[in-house]
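Structural overview
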Amino acid sequence: MTVRSAEWMKRNSIPAQAGIGLRFQHHQAVAEARPDVAWLEVHTENYMGGGSPLAYLDAIRRDYPIALHGVGLSLGSAEGLDLGHLERIRQVVEHFGPGLVSEHLSWSVVGGVYLADLLPLPMTEEALTVVCRHVEQTQAYLKRQILIENPSSYLQYRHATIPEWEFIAAVAARTGCGILCDVNNIYVSSSNHGWDPSVYLAALPADAIGEIHLAGHTVRQLETGHTLRIDDHSARVAAEVWMLYEEALARFGARPTLIEWDNNIPPLAVLLDEAAHAAALLQTTKRADRARAA
Amino acid sequence: MPALHELQRAVYRSLVARDDDATAYIRADSVAAAERLCIYRNTVYVTLTNALRLSFPAVQRLVGAEFFDASAQNFIEGELPHGAYLDDYGAGFPDFLARFSPAASVPYLSDVARLEWAVSRGLHAPDATPLDLAALGAVGEGDHGRVRFVPHPSVSLLQASYPVDAIWRAVLEQNDAALGAIDLGDTPVWLLIQRLPTGIDVRRLSEPAWRCTSALCAGQPLEEAVEPASGIDVSALLAEHLTAGRFIAFNIKEPIAAAQALASVP
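Structure report, in brief. What you see is a predicted model; the values in this text were computed from it and never measured. (Residues numbered from 1 in each chain as written. Chains lettered and ligands numbered in written order. Predicted model: local features only at pLDDT ≥ 70, side-chain atom pairs only at ≥ 80, totals over all residues.)

1. Here's the deal with the overall build of chain A
Filter applied, for reference: A helix here means a DSSP run of H or I that spans at least four residues, while a strand means a run of E at least two residues long, and both kinds are numbered starting from the N terminus. It is over C-alpha atoms that the radius of gyration is taken, and the globule rule equals 2.2 Å times the number of residues to the power 0.38. Here a residue counts as buried when 20 or more other C-beta atoms fall within 10 Å of its C-beta, as exposed when 12 or fewer do, and as partly exposed in between; the C-beta atoms come from the backbone. A residue pair is marked as a contact if its C-beta atoms, positioned from the backbone, fall within 7 Å.
Counting its secondary structure elements, chain A contains ten helices and twelve strands. The globule rule puts the C-alpha radius of gyration for 294 residues at 19 Å, and the 18 Å found for chain A is close to it. Considered along the principal axes of its C-alpha atoms, chain A spans approximately 50 × 45 × 45 Å. Looking at chain A as a whole, 48% of its 294 residues are labelled buried. The contacts of chain A with a sequence gap of at least 6 include a subset with a gap of at least 24, amounting to 76%.

2. Some remarks on the interface of chain A and chain B
Defined as follows: Put simply, Ala, Val, Leu, Ile, Met, Phe, Trp, Tyr, Cys and Pro go in the nonpolar bin, Asp, Glu, Lys and Arg in the charged bin, and everything else, Gly too, in the polar bin.
The partner chain B presents 39 residues to the 41 residues of chain A that form the contact. Of all the elements in the fold, those that place two or more residues in the side of chain A that touches chain B are helix H4 (83–96), strand E5 (107–110), strand E6 (113–119), helix H5 (125–142) and strand E11 (227–230) of chain A. It is E6 of chain A that contributes the most residues to the side of chain A that touches chain B, six residues altogether. A per-class count over the side of chain A that touches chain B returns 20 nonpolar, 14 polar and seven charged.

3. Quick notes on the sheet that holds strand E4 (residues 199–204) of chain B
All names here are of chain B. Applied cut-off: Whether two strands pair depends on DSSP finding at least two bridges between them. The axes used here are C-alpha line fits, helices contributing only the stretch in contact, and every angle between their N-to-C directions lies in the interval 0 to 180 degrees.
Reading across from one edge, E2-E3-E4 is the order of the three strands in this open sheet, with antiparallel pairing throughout. Across the chains shown, the open sheet's two edge strands, defined by having one partner strand only, are strand E2 (156–160) and E4. Sheet twist, expressed as the mean angle between neighbouring strand axes with direction ignored, is 25°. With six bridges connecting them, strand E3 (residues 189–196) and E4 associate as antiparallel partners. Bridge pairing in E4 links Leu 196 to Gly 199. Where helix H8 (residues 164–172) meets the sheet, its contacts fall on E2, E3 and E4, and the angle it forms with E3 comes to roughly 50°. The strands touched by helix H10 (residues 207–217) are E2 and E3; relative to E2, the strand with the most contacts, the crossing angle is about 140°.

4. Here we look at the packing of helix H6 (residues 109–124) of chain B against H8 of chain B
Residue and element names in this part refer to chain B. The criterion, for reference: An angle below 35 degrees is read as roughly parallel, one above 145 as roughly antiparallel, one from 65 to 115 as roughly perpendicular, and any other as oblique.
At a minimum axis separation of 9 Å, H6 and H8 run at an interaxial angle of 75°. What the angle tells us is that H6 and H8 run roughly perpendicular. Of H8, the residues touching H6 (which contributes Asp 111, Val 112, Leu 115 and Glu 116) are Val 164, Asp 165, Ile 167 and Trp 168. Tallied by class, residues from the contact of H6 with H8 come to five nonpolar, no polar and three charged.

Shape is all these values report; function is a separate question.
Listed below in C-alpha cells is the structure:
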C-alpha cells in the first residue's frame, strides 16, 4: 500500500477544467512539451504491463493529474466479473493514484471470452441488479468510488423496460458510484434511437456527475438510405455535440471535461485546440455560476 | 424474454459464429437487426486485428496488409481473447500461421511470428529490479553449484530453424538489401530476447550457451545448468547475464517459483 499525503491527494484531484485523453502517439510530445492542459486521462488497459508506456506515464504524471478510464471490466456480464482483470486494474490504480477511475455501462465478456467492444445491455431489472452488484464489488475491491459511463449504442432490445437515463441514474443512486456523462454518446445514441437528448440529460442527477466526455463521431449512410451515427472517436467534436455540452454545463455546472480521440489520431495541437474550446465554455459556466451566487 | 446470460450467449454466437440467434431479441425498425449487430462485429474484429498488428508488425510487412487481415480474421474466429488485457492476446498466432495453408509458401513466417511474440512479451513484461550483485557475492563458494536464478520477466529464449532475427530486423528497417542477402539455408539460430532501458534486445547465443541459459532461466541449479555447456566459458556467460540484468533473484535451497520471487521485489 502506497502512502499518500493529503497535499499529494489534492494535487492529483481532477479539476473542473479541460483535459485530453493521452494515447501512446503523444507520449513523447507531452513528455517534452508539457502542454498547457489541466489533466490527462489514459486507458487503464494500456498500463497493465511494464516498460516504456509505464515509464512515460510515470514521468508525465509528475506534472499532471491523471484519470484512469477502463474499457474492459465488463460490468454487465451475467457470469460475474473477471477477477484477474479487476486485480490488474487495482494494481494500475495503486501505481498511479488517479484522481478518477471510470468504467462503462456495457458488457464484453461471456463464457470467459472477451468480445472487444462495449456491447449494449438490455435495460431490464435483471441487468440493473447485475450492474449494481458489479459496481459495488468493484468499489469495494478498489476501496474507492468509480464513475460509470453511458455508452453509445446501435441497437435496443425488445424486452427492455427501463429508459437508459433512468437505468444509469438508478445505478448511481443504489451504489453511490458517480456518472461519467459522455455527451457525444448521448447525442449518438439519441440520434440512432430517436431519443430526446435533453430528456436524457435532465434525468441524470447533477450531484453524481463526476466527469464529462466529448469526442467526434461519424455518420454512416446505410444502403437502405438510413443513417446511423458511429461513435468512432475519429474526428473533432460535432457542432451539435458542443451545443449539447453547453446544455449539460448549464444543468450540472462546471465538471472535469475530457476530449477523446482514438482513431486517425491527429497531432497533439488539434486535441489541445478542442480542449481549449471546452475550457472556454467551462469558464463561461463558472462565471455564470458565480454571478448567480452573487 | 431471455435471461441476461442467454442473451449474452446469443449475441456472442451472432458476432462470432454469425448465426442469427440474437436478432430475435433486437428491435428491428428502419435498420435491420442483423445490420445493427454487424457494427459491433466489425468493431470486435477491427480491434483484435489491430492488437495483432501491433504485436506482429514484421509478419504484416512480410505478407502484406490484406493477407494479414485475412489471416487475423481466421485466427480470431478460432481463438478469441480470454481477457481484456489485449497485450496478452496473440500467443497462439504463430502456431496458427504454421497451420494456415495459404501461408505455407512462406516457411519462416511462423518462426518470425514466434520471435515477434517474444519481443512483444518482452516489451510488456512487468518491471523488475535486477539482482543485487553484492547479495550474490555473499554466497559461500561451497554453495555456488546450488544457486538457482529467477530470470527477469522480459527475458525469453527462442530457437528457430531460420535466421529469423536477421529477417525481423531487415523487414522492420525496410532494408531490402539486407533482406535479399539473407541465406535461408543458414544454420538454426539460438536467440535471447530481453527488454533493456534502451529498447528490446535480440541477440544470438551459441547453442551450448543457449541451452545453459535456458536451464538457468528454468530455475535449474547452476551445477546442473552448466552440463550442456561444456566447452564454453560458463563464468563469462554468467557474468554477461548478471551485468545485463537478466536475473532478478536467486535462491540456494529450494526451487522458487518466479511469481513468489517477483512478489518480494520492491
